[in-house]
Amino acid sequence: MKITIESTSKVVDLVTGGYSVRARFWQGETADGIPVHAFITRIAPEIPTSDPRINELTAEFERDLKRQADPRPSVQAIPLRMII
């Protein structure tokens, strides 16, 4: 399965086994157009350290990561505290 997702401004606490982890909601769709959402706790670019543009690409990734969409109403309705 392939999906395309974008970061939103919504952040939740995922709680499991007594531990809490902050996660950002990402929303998007499958290749067939089915709406999806994901809880992302970590994301990092895979830029080889040997790439001469590593600093430029890392800065671009960090800039892009700061852009956030407004959550869809269906995503906005999910409670701020999630239990897995």
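Scroll up to find the structure.
No experiment lies behind these values; they were computed from the predicted model shown.

Participant: Describe the layout of surface pockets, listing the residues and the values that go with them.
Facilitator: Empty space within the largest pocket amounts to approximately 170 Å³. Ser7, Val11, Arg22, Ala23, Arg24, Trp26, Ile40, Thr41, Arg42, Ile43, Leu65 and Gln68 are the residues that line the largest pocket. Listing elements by their share of the lining of the largest pocket, those giving two or more residues are β1 (3–16) and β2 (19–30). Residue contributions to the lining of the largest pocket peak at 4 residues, all from β2.

Participant: An account of the packing of aromatic side chains is requested, with residue identities and associated values reported.
Facilitator: Taken as a whole and assessed by the stated rule, the structure comprises 1 aromatic pair. On the numbers, 4.6 Å between centres and 70° between planes, the contact of Phe25 with Phe39 is edge-to-face. Here Phe25, found in strand β2, pairs with Phe39, found in strand β3 (residues 35–40); they are 14 residues apart in sequence, far enough to count as distant. Residue placement shows Lys10 over the ring face of Phe25; its charged tip is 5.3 Å from the ring centre.

Participant: Got a sec to walk through the pairing of β3? Specific residues and values, please.
Facilitator: Where β2 lies against β3, 6 bridges are found, and the strand directions are antiparallel. When the bridges of β3 are listed, Arg24 appears paired with Ile40. Between β2 and β3, which pair antiparallel in sequence order, lie 4 residues; one of them, Gly33, sits at a positive phi of approximately 90°.

Participant: Before we move on, could you go through the pattern of salt bridges and cite the residues and values that matter?
Facilitator: Counting across every chain of the model gives 3 salt bridges. Where Arg53 meets Glu56, a salt bridge forms, and the shortest distance between an N and an O atom there is 3.8 Å.

Calculation criteria
Residues numbered from 1 in each chain as written. Predicted model: local features only at pLDDT ≥ 70, side-chain atom pairs only at ≥ 80, totals over all residues. Heavy atoms only, no water. 1 Å grid on protein atoms, 1.4 Å probe; cavity = no way out; pocket = protein on both sides within 12 Å on 5 of 7 lines; lining within 4 Å. Points joined across faces, edges and corners; volume = space filled by probe spheres on them. Helix = DSSP H or I, 4+ residues; strand = E, 2+ residues; numbered from the N terminus. Phe/Tyr/Trp six-rings, centres within 6.5 Å; stacked < 30°, edge-to-face > 60°. Lys NZ or Arg CZ within 6 Å of the ring centre and 35° of its normal. Pairing = 2+ DSSP bridges. Salt bridge = Lys/Arg side-chain N within 4 Å of Asp/Glu carboxyl O.

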